[in-house]
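Summary of the model geometry
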Amino acid sequence: MPLIVTGSIGIDSIQAPTGDADDVLGGSCTHFAAAASFFTKARIVAAVGDDFPEHHLATMEQFNVDLAGLEKRAGSKTFRWRGKYHENMNDRDTLEVDLNVLAEALPPVPEDYKNSQYVFLANTHPAAQLDMLNQFPGRRLSIADTMDLWIETERESLLELLSKIDGLVLNDSEAIMLTEDSNTVRAADRILETGPKFVVVKKGEHGAFLVHQDGHVVLPAFPARNVVDPTGAGDSFAGGMMGCLAATGDLSIDGLRQAMAYGTIVASFNIESFSLTRLTEIERGHIDERLEQFRQMTVIGA
Ligand code: AMP
């Protein structure tokens, strides 16, 4: 089933205890689409500026993604993000964010994308997320991600978005910030009251849980020894999850559990390098192999 995504495509500069990376390919849409592409082709609708380097485009082309909806906009600048990780790598500070083209209108949705059934609104301006969502009235599933900046500056449009989507994925600190409830499970319950049928709360190296109208799922993260750069872990988790859902079409709790497990595994590869490098090196077989290891680790005997 066709999957479409909008979100940020950006240029990141990252400082981490493992080293620094300047001007690398980043963005929520980029990490999401690369992760989803192991399961199904991901259609992208997003804009970059005329400063977007050709070699970043070439990296994106290595994945099973459709770039017909990617506009290189003359006279605009690409979104940029600069972040610094703390010693424990779970915490990070945003040092600088230049929205640039992200504050402008979305490019038009290509005609042959109009039959997209699975709509993912990766982290970007909620107005752009709403605009995209409204163009797919016949969708089967819509899920959005968000982040602290938008919760702080665009709460109204974010609440409007929540009233229209099926699912929300966000991290634990964002769930607390959005609801002002310091218990993340209660925070997820409160988010359900605003509209979505389910919420996935991501907890970094502590895994993720799902609170759904029909039940709950809890999964640890894949135990990782080699964490080089956690940037995009959340987006690649969502990409693996949504890619799997679009491929299987199974929206039951069991289907969501399997999709979350795949998301966990793709994210565990994403963090093994800066930017998308590790994802360019692996194939679906590597993901299935690690999923099997994860399955054996998480099975609880009778
Ligand atoms: P994650 O580590 O999953 O939170 O995603 C990090 C990615 O999101 C980076 O590659 C950034 O380019 C991008 N990003 C950071 N801040 C924002 C923002 N406010 N809106 C959209 N994308 C962002």
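Computed from a prediction, not measured in an experiment: that's the story for all the values here.

Taken as a whole and judged by the stated rule, the model has three aromatic pairs. Here Phe-32 and Phe-120 contribute two aromatic rings whose centre-to-centre distance is 4.1 Å and whose plane-to-plane angle is 10°, an arrangement assigned as stacked. Residue Phe-32 is located in helix α1 (residues 28-36), and its partner Phe-120 is located in strand β8 (residues 118-121); the two are separated by 88 residues in the primary sequence. Note on accessibility: Phe-32 and Phe-120 belong to one class, buried. On the numbers, 6.2 Å between centres and 55° between planes, the contact of Phe-222 with Phe-294 is tilted. Remark: Phe-294 occurs in helix α11 (residues 284-298) and Phe-222 occurs in the loop between β13 (215-219) and α8 (233-248); sequence separation between them is 72 residues. Residues Phe-222 and Phe-294 agree in their burial class; the two are buried. Positioned above the aromatic ring of Phe-269 is the side chain of Arg-290, whose terminal nitrogen or guanidinium carbon lies 3.7 Å from the ring centre.

So, about the site of the ligand. The local shell around the ligand holds 20 residues, among which Ser-8, Asp-12, Gly-27, Gly-232 and Asp-235 are the closest. Contacts to the ligand include Gly-27, whose backbone N or O atom sits 2.7 Å from an oxygen atom. Separating a nitrogen atom of the ligand from a side-chain N or O atom of Trp-150 is a distance of 3.3 Å. Protein chains bury 94% of the 510 Å² of accessible surface belonging to the ligand in isolation. Among the elements of the structure, α1, β6 (79-85), α4 (148-153) and α8 are those that each provide at least two residues to the shell around the ligand. Broken down by element, the shell around the ligand gets its largest block of residues, three residues, from α8.

The set of residues buried in helix α3 (residues 126-134) consists of Pro-126, Ala-128, Gln-129, Leu-130, Met-132 and Leu-133. Lining the buried residues of α3 we find β1 (3-6), β4 (42-49), β8, β9 (141-145), α4 and α5 (155-162).

Under the criterion given, the structure shown has 17 salt bridges. As a salt-bridge pair, Glu-54 and Lys-72 come within 3.2 Å of each other at their nearest N and O atoms. Here Glu-54 is found in helix α2 (residues 54-61), whereas its partner Lys-72 is found in strand β5 (residues 65-73), with 18 residues between them in sequence. A salt bridge links Arg-73 to Glu-104; the nearest nitrogen and oxygen atoms lie 3.0 Å apart. Of this pair, Arg-73 sits in strand β5 while Glu-104 sits in the loop between β7 (92-98) and β8, and the two are 31 residues apart along the sequence. The exposure class assigned to Arg-73 is buried, which follows from its relative accessible area of 14%. The network of salt bridges with shared partners includes Glu-272, Arg-278, Glu-281 and Arg-290.

A word on the sheet that holds strand β10 (residues 167-171). Taken in spatial order, the nine strands line up as β5-β4-β1-β8-β9-β10-β11-β12-β13 in an open sheet, and their pairing is mixed. Pairing within the sheet leaves two strands with one partner each, and these edge strands are β5 and β13. The mean inter-strand angle of the sheet, taken between neighbouring strand axes irrespective of direction, is 15°. Of the strand pairs in this sheet, strand β11 (residues 198-202) and strand β12 (residues 208-212) are connected by five bridges, and their pairing is antiparallel. In the strand pairing of β12, Val-199 is matched with Val-211. With respect to the sheet, α1 is in contact with β1, β4, β5 and β8, its orientation differing from that of β1 by roughly 165°.

The next subject is α1. Counting buried residues in α1 gives nine out of nine residues, a clear majority hidden from the surface. Taken as a whole, α1 has its buried residues at Ser-28, Cys-29, Thr-30, His-31, Phe-32, Ala-33, Ala-34, Ala-35 and Ala-36.

Closest axis-to-axis distance for the helix α9 (residues 253-270)/α11 pair is 9 Å, and the angle between their directions is 115°. Taken together, the axes of α9 and α11 lie roughly perpendicular to each other. Seen from above, α9 lies across α11 with right-handed handedness. When α9 is examined against α11, the residues Ala-261, Tyr-262, Thr-264, Ile-265, Val-266, Ser-268 and Phe-269 are found in contact with a partner set consisting of Arg-284, His-286, Ile-287, Asp-288, Arg-290, Leu-291 and Phe-294. For the contact of α9 with α11, the class distribution of residues is eight nonpolar, three polar and three charged.

Examined against the element boundaries, Ser-268 turns out to sit in helix α9. At 2.8 Å, the side chain of Ser-268 and the side chain of Arg-290 are in polar contact. Ignoring sequence-local partners within four residues, the contact set of Ser-268 consists of Phe-222 and Arg-290.

Below, the discussion takes up the state of the cysteines. Under the counting rule described, the total for this entry stands at zero disulfides. The thiol sulfur of Cys-29 is not disulfide-bonded, and the nearest other cysteine sulfur, from Cys-244, lies at 19 Å. For Cys-29, a relative accessible area of 0% gives the class buried.

Thresholds, definitions, all that
- Residues numbered from 1 in each chain as written.
- Predicted model: local features only at pLDDT ≥ 70, side-chain atom pairs only at ≥ 80, totals over all residues.
- Heavy atoms only, no water.
- Phe/Tyr/Trp six-rings, centres within 6.5 Å; stacked < 30°, edge-to-face > 60°.
- Helix = DSSP H or I, 4+ residues; strand = E, 2+ residues; numbered from the N terminus.
- Buried < 20%, exposed > 50% of the residue type's maximum accessible area, 1.4 Å probe, protein only.
- Lys NZ or Arg CZ within 6 Å of the ring centre and 35° of its normal.
- Near = heavy atom within 4 Å.
- Polar contact = N/O pair within 3.5 Å; in protein donor to acceptor, adjacent residues only side chain to side chain.
- Areas by Shrake-Rupley, 256 points an atom, 1.4 Å probe, with all protein chains shown as cover.
- Contact = heavy atoms within 4.5 Å.
- Salt bridge = Lys/Arg side-chain N within 4 Å of Asp/Glu carboxyl O.
- Pairing = 2+ DSSP bridges.
- Axes fitted to C-alpha atoms, helices over the stretch in contact; angles between N-to-C directions.
- Parallel < 35°, antiparallel > 145°, perpendicular 65-115°, else oblique.
- Left-handed = near helix turned anticlockwise from the far one by under 90°.
- Nonpolar A, V, L, I, M, F, W, Y, C, P; charged D, E, K, R; others polar.
- Disulfide = S-S within 2.5 Å.

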